[in-house]
Amino acid sequence: MAKNQPDVLFAKIDVDELGNVAQKNGITAMPTFIAFRDGKAVGSVRGADPRGVEQLVVKNKFAAQKKEPEKVEKDSATGAQLLSVLKQAGVDTRGYLEKHELLELAEKHHLVR
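Since this is a predicted model, take the numbers as computed values, not measurements.

Participant: Sorry, what's going on with the pattern of salt bridges here?
Facilitator: A side chain of one charge can pair with a side chain of the opposite charge if their charged atoms are brought near each other. For the coordinates displayed, the defined rule picks out 4 salt bridges. The residue Lys-61 makes a salt bridge to Asp-7 at a minimum N-O spacing of 3.3 Å. Note that Lys-61 is positioned in helix α2 (residues 50–61) and Asp-7 in the segment before α1 (19–24), a separation of 54 residues in sequence. Residue Lys-61 is classed as partly exposed on the basis of its relative accessible area, which comes to 28%. Here Asp-92 makes a salt bridge to Arg-94, at a shortest N to O gap of 2.9 Å. By relative accessible area, Arg-94 is classed as exposed at 62%.

Participant: What is the right way to look at the pairing of strand β2 (residues 40–46) in this model?
Facilitator: Within a regular strand, the side chains alternate between the two sheet faces. With 6 bridges joining them, strand β1 (residues 32–37) and β2 adopt antiparallel strand pairing. Within the sheet, the bridge partner assigned to Phe-33 lies in β2 and is Val-45. Linking β1 back to β2 in an antiparallel pair, the connection comprises 2 residues, with Asp-38 at a positive phi of about 55°.

Each value, and the rule that gives it
- Here the residue index of a chain counts from 1 through its sequence in written order.
- Thresholds applied to this predicted model are a pLDDT of at least 70 for local features of residues and 80 or more for the giving and counting of side-chain atom pairs; totals over whole chains, interfaces and linings are not thresholded and use all residues.
- Neither water nor hydrogens contribute to the side-chain values; these are computed over all heavy atoms in the structure.
- The working definition used for a salt bridge is a side-chain nitrogen of Lys or Arg within 4 Å of a carboxyl oxygen of Asp or Glu.
- Under the DSSP-based scheme used, a helix requires at least four consecutive residues in state H or I and a strand at least two consecutive residues in state E, with every element numbered from the N terminus.
- Here the term buried applies to any residue with accessible area under 20% of the maximum for its type, exposed to any over 50%, and partly exposed to those in between, with areas from a 1.4 Å probe on protein chains only.
- Only strands joined by at least two bridges in the DSSP assignment are considered to pair.

Read these as geometric descriptors, not functional statements.
Here it is as structure tokens:
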């Protein structure tokens, strides 16, 4: 499903290694799928239910309203500011670690002035 939903972040948690995460999220059955928005759980599916998981993703995928990303000043932007506007714009920043790489990426997406 992750291959068909490139704009959705899927994460797999090993509950044996991260029991505190399972406990915090009330996971009592495997598998359990939880949809998060802005760091809060907005829905879940317990058990192997591909159709239920797909409905969970579709229901929550477009629920958050996207704001127009702010632009940053090219000459004074920090790495953290660049990362913030790139993430706000929905740009995949994985693999970009250095400030000059983030700046190039921000320029490519017209996020600097």
